[in-house]
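Commentary on secondary and tertiary structure
Listed below, chain by chain, are the residues.
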Amino acid sequence: MDYSFLGKYQIYTKEINFFPIDWSKIFCNNKKLIVEIGFGGGEFLVGLAKKYP
């Protein structure tokens with residue numbers, strides 16, 4: 001499987017300097033947000049994003 005798309009969707013919390021995280025500020029919108037936390041490369045979440053942009 002090609003994982004080259006993951007860099008576009010991954011967010012590294014070490015680069016975020018404000019908490020709690022204001023997701024609307026990161027994504028510049030107030031759309032519904034699903035966050036995947038856990039092991040893996042985020043393939044499931046990317047699949048959802050592609051299916052439901």
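1. Describing the overall build of the chain
- A tally of helices and strands in the chain yields three helices and zero strands.
- Starting at the N terminus, the α and β elements of the chain follow one another as α-α-α.
- Considering the chain as a whole, with its 53 residues, one finds that 11% of them fall into the buried category.
- Of the roughly 4900 Å² of accessible surface on the chain, 59% is carried by carbon and sulfur atoms.

2. Quick look at the confidence of the model for the chain
- Looking at the chain, the pLDDT average stands at 78 and 85% of residues meet or exceed 70.
- Within the chain, helix α3 (residues 43-51) carries the highest mean pLDDT (83), whereas helix α1 (residues 6-9) carries the lowest (68).

So, how was this worked out
Residues numbered from 1 in each chain as written. Predicted model: local features only at pLDDT ≥ 70, side-chain atom pairs only at ≥ 80, totals over all residues. Heavy atoms only, no water. Helix = DSSP H or I, 4+ residues; strand = E, 2+ residues; numbered from the N terminus. Buried < 20%, exposed > 50% of the residue type's maximum accessible area, 1.4 Å probe, protein only. Areas by Shrake-Rupley, 256 points an atom, 1.4 Å probe, with all protein chains shown as cover. pLDDT = per-residue confidence, 0-100.

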